[in-house]
Amino acid sequence: MQPYAYPLAVLLFPGGLFALVLGLALKGVDRRLAARLQRRVGPPLAQPFFDLVKLAFKRTMVPDIASQPVFLGAPLVGAATMMLAAAMVPIAGVYTPDPALGNLLVLLYLLAIPAVVLMIAGSASGSPFGAIGFSREMALMLAYEGPLVLVVAAIAVRVGHGQGGWASFSLTEIVAYQARHGAFLFDPVMWPALLAFLAFYPANLGIIPFDIPEAETEVLEGPLLEYSGPALGLFKVMSALKSVVVLSLGIALFFPTAPSGVAGLAVQLCKLLLLMLVGVTLVRVSCGRMRIDQAFRFFLKWPLALSLASLVAVVVI
Amino acid sequence: MSNFTIPVGPLHVALEEPMYFRLDVQGETIAHVDIHAGHVHRGIEYLVTKRNVFQNVVLTERVCSLCSNSHPQAYAMAIERIAGIVVPPRAQYLRAVADEVKRVASHLFNVAILAHLVGFDALFMHVMEVRERMQDVKESVFGNRMDIGANAIGGVRYDIDAQGIGYLNQQLDAIDAEVVEIIDLYRTNGSILGRTRGIGVLPHADAVDCGVVGPVARAAGIDYDLRVKAPYTAYDRLDVTVHTLPDGDVWSRAMIRLYEARTAIGLIRQCLRDLPDGPTIDSRERPSIPAGEAIARCEAPRGELIYYVRMGDSPKPERVKWRVPSFMNWDALRIMLKEAKIADIAIIVNSIDPCISCTER
């Protein structure tokens, strides 16, 4: 591998700039679609870009009682982590990450960082709403991380068995395995895991019904309440990148089959759009917000049972 | 879990009007509530004594936009009682029509906000769309969307012809069908039920103690509606159904409002069917109002509204005092918010449909 391959992957494609533009565009489509589903006109497709530019030129206010280095450092860490994570998810036929990057376990840890960053940001801001957001974010994370790990384990074991080993946590191998044996989307054993993974989307992306830590009408955006200007913009960057990462991860885990080259990229974009429509937009317009205790109980019931079912089935078969 | 003091209000995205709750919370649970008021005091009770009887019809309409028909109506009723003015039968029916039109719009508005607070914005948009039809009706019939200016001393300021009745009936059919659907949604939707059943409970005994009125009382099983208990305008000739539910939770209050919206549509239909001919206002254009005092009551969308008016020798009232429904329901919030979760504060506060500008005038 060339020496500049890592920086290129992290900063330009498929991480960094590419993922950011893609994430913001997806956000624009999502907002427009949701508006149309609610019989509103909705904002222009480029609204997330406008928002980001506007925030970039504003001032960041730091509350007197906030701890400044943590308050300003948190969004930086969050955005940087997601940039790195975006370079770790393979795009079938287009991009295969270096083995050092394409590890699912590392990616799982990186995916937990935005939530941790929000918690730190919330408590560093010194606002009581931030503190409430902190405790909610933590409870929610504890609830959804378990099922997520089980889903990933089910897939790893499946791929590992296929290769005569025990489990494989290499995303490249998972994609290659599905290219040979057919996507997990069409494998009945993996359907419960897929459903559990779909429940993880709204929780990780912080959308209704699981936008509990940031609930506007309850805790006024929680951890983000005190943020403004470029610091808030960085959080927007983080969430745009995160949406690309988790959506592409879903595609890599369950339906990576695609032609190579430019056609592969086009197919990937179509899948992203479709997955976002089904997994994000339709979900968030068709239900209300749960209370944190309800969400906690929900995750410990359905996604946990479903992911466990897949894992057991995979191990037994 | 640590303890916080969090401010909800005076300006808060979930509150439509400024009110201030100081909450001591332990983790997600409320330990203590302080309710502060007084942010939108405009001195209207004082202003009323500086204007003459007829100007005050306009002024009282501006006390609050959501009950903007009930205030001038109760005020006019009190003045009519002092002066012994008899409102013509047609005007009585038209007053009931205006009252019920405002009631439908007000109840739908509150129920829509509930959906918004629960985070169910698609439902919020849908209910607001239905309410928008009622706003259109108001604009077409009365010429205004909120302050419809229907009332005058001795009668009403508007009339409906055959074409208007046809239009109203047609719009009511459309709204009625939508409201039936909305009732079904609120009764069955998991998101709504999960967030509103068993939340902010006001037990029957506490409801009686607090003297709550309107939908809040009826949702706690108190069968009290002025339109039946002390009929005014044309309500003694109309068939008013009073809905009650036993549970006293947020969901019951929302359902009562939805049922009442349907009943109100039925009442408008009855009025339009039975509308007698004749004048719409007392024949004397500016009757002189003698000295005296009177009390008038009417059922505003939020509950019983009481007006006291005392007239002296001048054409300006000596004293006008009103007791608004939110004033009675306000204190019950302490009971509803006890041990509630932070997530439910806005939902519970909204469930009494607080009208701050009425209460603080």
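Residues numbered from 1 in each chain as written. Chains lettered and ligands numbered in written order. Predicted model: local features only at pLDDT ≥ 70, side-chain atom pairs only at ≥ 80, totals over all residues.

Colleague: What exactly am I supposed to notice about the overall build of chain B here?
Modeller: Along the backbone of chain B there are 15 helices and 8 strands. Taking 21 Å as the expected radius of gyration for a compact globule of 361 residues, we find that chain B reaches 20 Å, a close match to that expectation. Counting only C-alpha atoms and orienting by the principal axes, one finds that chain B spans roughly 70 × 45 × 35 Å. Residue burial in chain B is summarised as follows: out of 361 residues, 52% are buried. (Helix = DSSP H or I, 4+ residues; strand = E, 2+ residues; numbered from the N terminus. Rg over C-alpha atoms; globule rule 2.2 N^0.38 Å. Buried ≥ 20, exposed ≤ 12 C-beta atoms within 10 Å, placed from the backbone.)

Colleague: Help me out: how do you make sense of the overall build of chain A in this one?
Modeller: Within chain A, the secondary structure is distributed over 12 helices and 0 strands. Ordered by position from N to C terminus, the α and β elements of chain A give α-α-α-α-α-α-α-α-α-α-α-α. Its C-alpha atoms give chain A principal-axis dimensions of about 60 × 45 × 40 Å. The burial tally for chain A puts 53% of its 317 residues in the buried class. Long-range pairs, those at least 24 residues apart, make up 79% of the contacts in chain A with a sequence separation of at least 6. (Contact = placed C-beta atoms within 7 Å.)

Colleague: When you look at the interface of chain A and chain B in this model, what are you seeing that I'm missing?
Modeller: How big an interface is tends to be stated in terms of the accessible area lost upon association of its parts. In this assembly, 26 residues from chain A lie in contact with 23 residues from chain B. Broken down by secondary-structure element, the contributors of at least two residues to the side of chain A that touches chain B are α6 (128-162), α9 (216-219) and α12 (292-316) of chain A. Ranked by the residues each element gives to the side of chain A that touches chain B, the list is headed by α6 of chain A, at 5 residues. Of the residues contributing to the side of chain A that touches chain B, the split by class is 14 nonpolar, 6 polar and 6 charged. (Nonpolar A, V, L, I, M, F, W, Y, C, P; charged D, E, K, R; others polar.)

Colleague: How do you make sense of the packing of helix α5 (residues 121-142) of chain B against helix α6 (residues 162-188) of chain B when you look at a structure like this?
Modeller: Packed helix pairs are specified by the crossing angle of their axes together with the interaxial distance, meaning the distance between the axes. Residue and element names in this part refer to chain B. Relative to each other, α5 and α6 sit at 165°, their axes nearing to 11 Å. Here α5 is positioned roughly antiparallel relative to α6, judged by the angle of their axes. Note on packing geometry: the crossing formed by α5 with α6 is left-handed. Together, Leu-123, Val-127, Val-130, Arg-133, Met-134, Val-137, Ser-140 and Val-141 of α5 and Gly-164, Tyr-167, Leu-168, Gln-171, Ala-174, Ile-175, Glu-178, Val-179, Ile-182 and Leu-185 of α6 make up the contact between the two elements. Residues of the contact of α5 with α6, tallied by class, amount to 13 nonpolar, 3 polar and 2 charged. (Axes fitted to C-alpha atoms, helices over the stretch in contact; angles between N-to-C directions. Parallel < 35°, antiparallel > 145°, perpendicular 65-115°, else oblique. Left-handed = near helix turned anticlockwise from the far one by under 90°.)

Colleague: I keep staring at the nonpolar core and nothing clicks. Help me out?
Modeller: Ala-86, Ile-155, Leu-241 and Val-245 of chain A together with Leu-108 of chain B are the most contacted members of the largest nonpolar core, which totals 225 residues. In terms of residue count, helix α4 (residues 89-118) of chain B provides more of this core than any other element does, 18 residues in total. Setting aside its immediate chain neighbours within four residues, Leu-108 of chain B contacts Val-127, Val-130, Arg-131, Met-134 and Ala-261 of chain B. (Core = buried A, V, L, I, M, F, W, Y, C linked by C-beta atoms within 7 Å.)

Colleague: I would appreciate a short explanation of helix α4 (residues 68-86) of chain A in the present structure.
Modeller: In an α-helix, one turn spans 3.6 residues; hence positions three or four apart end up facing the same way. Residue and element names in this part refer to chain A. Here α4 contains 19 residues, and its C-alpha end-to-end distance of 28 Å stays within 8% of the 27 Å for a straight helix at 1.5 Å per residue. Along α4, the sharpest change in direction is near 25° and occurs at Ala-74; proline Pro-75 comes one to four residues later. Among the residues of α4, Phe-71, Ala-74, Pro-75, Gly-78, Ala-79, Thr-81, Met-82, Met-83, Leu-84, Ala-85 and Ala-86 are the ones counted as buried. Its buried side turned inward, α4 meets α1 (5-11), α2 (16-37), α5 (104-124) and α10 (229-254). (Expected span 1.5 Å × (residues − 1). Bend = angle between axes of the 7 residues up to and from the residue.)

Colleague: Can you walk me through α10 of chain A in this structure?
Modeller: Relative to the 38 Å expected for 26 residues at 1.5 Å per residue, α10 of chain A spans 38 Å between its end C-alpha atoms, a close match to the ideal helical length. Across the 26 residues of α10 of chain A, 24 count as buried, placing the element largely inside the fold.

Colleague: Could you clarify how one ought to interpret unusual backbone geometry in this entry?
Modeller: Here the phi dihedral of Arg-39 of chain A falls at roughly 60°; this positive angle occurs in a residue that is not glycine. With respect to the helices and strands, Arg-39 of chain A occurs in the loop between α2 and α3 (47-56). Its identity as a non-glycine residue notwithstanding, Asp-353 of chain B has a phi of 50°, on the positive side. On the secondary structure map, Asp-353 of chain B appears in the loop between α14 (345-351) and α15 (356-360).

Colleague: How do you make sense of the packing of α3 of chain A against α10 of chain A when you look at a structure like this?
Modeller: All names here are of chain A. Following both chains from N to C, one finds α3 and α10 inclined at 150°, their axes separated by 7 Å at the closest point. One finds that α3 runs roughly antiparallel with respect to α10. Relative to α10, α3 is oriented so that their crossing is left-handed. Along its contact with α3, which presents Pro-48, Asp-51, Leu-52, Leu-55 and Ala-56, the element α10 presents Gly-229, Pro-230, Leu-232, Gly-233, Lys-236 and Ala-240. For the contact of α3 with α10, the per-class residue count stands at 7 nonpolar, 2 polar and 2 charged.

Colleague: Got a minute to help me understand the sheet that holds strand β2 (residues 20-26) of chain B in this structure?
Modeller: Strand pairing in a sheet is mediated by backbone hydrogen bonds. Such pairs are either parallel or antiparallel. Residues and elements named next belong to chain B. The 3 strands are arranged β1-β2-β3 in an open sheet whose pairing can be described as antiparallel. Either end of the sheet is taken by a strand with one partner, and the two such strands are β1 (3-8) and β3 (29-36). If you compare each strand with its neighbour and ignore which way they point, the axes differ by 20° on average. Examined bridge by bridge, β2 and β3 share 7 bridges and lie antiparallel to one another. (Pairing = 2+ DSSP bridges.)

Colleague: Sorry, what's going on with the environment of Leu-226 of chain B here?
Modeller: All names here are of chain B. Residue placement: Leu-226 occurs in helix α10 (residues 226-229). With 79 residues separating them in the primary sequence, Leu-226 and Leu-305 have C-alpha atoms 9.3 Å apart. Sequence-distant contacts of Leu-226, defined by excluding residues within four places in its chain, comprise Arg-297, Cys-298, Glu-299 and Glu-304.

Colleague: Honestly, the confidence of the model for chain A in this entry has me stumped. Any pointers?
Modeller: Low-pLDDT stretches of the model should not have their predicted coordinates read in fine detail. Mean pLDDT over chain A: 83, with 97% of residues reaching 70 or higher. Looking across chain A, the model is least confident in α9 of chain A, with a mean pLDDT of 69, and most confident in α3 of chain A, with 91. (pLDDT = per-residue confidence, 0-100.)

Colleague: Honestly, the environment of Asp-147 of chain B in this entry has me stumped. Any pointers?
Modeller: All names here are of chain B. Within the fold, Asp-147 resides in the loop between α5 and β4 (151-152). Judged by the 16 C-beta atoms lying within 10 Å of it, Asp-147 falls in the partly exposed class. If sequence neighbours within four positions are ignored, Asp-147 has contacts with Glu-61, Arg-62, Ser-65 and Ser-68.

Colleague: Please clarify how the confidence of the model for chain B should be interpreted in this entry.
Modeller: Per-chain confidence: chain B averages 87 in pLDDT, with 99% of residues scoring 70 or above. The ipTM value of the predicted complex is 0.81, and its pTM value is 0.87.

Colleague: Is there a simple way to think about the sheet that holds strand β7 (residues 303-311) of chain B in this case?
Modeller: All names here are of chain B. Ordered by their spatial adjacency, 3 strands build an open sheet running β6-β7-β8, and the pairing between neighbours is antiparallel. Looking at which strands have only one partner, the edges of the open sheet turn out to be β6 (292-300) and β8 (317-323). Strand-to-strand twist of the sheet, defined as the mean angle between neighbouring strand axes without regard to direction, takes the value 15°. Judged from the 9 bridges that link them, β6 and β7 form a sheet pairing that is antiparallel. Within the sheet, the bridge partner assigned to Ile-295 lies in β7 and is Tyr-308. The sheet strands contacting helix α3 (residues 70-83) are β6 and β7, and the helix crosses β6 at an angle near 145°.

Colleague: Please clarify how the environment of Ile-306 of chain B should be interpreted in this entry.
Modeller: All names here are of chain B. Along the chain, Ile-306 turns up in strand β7. In this structure, the C-alpha to C-alpha distance between Ile-306 and Tyr-75, residues 231 residues apart in sequence, is 8.9 Å. Excluding its chain neighbours within four sequence positions, the residues that come into contact with Ile-306 are Ile-295, Arg-297, Trp-322 and Arg-323.

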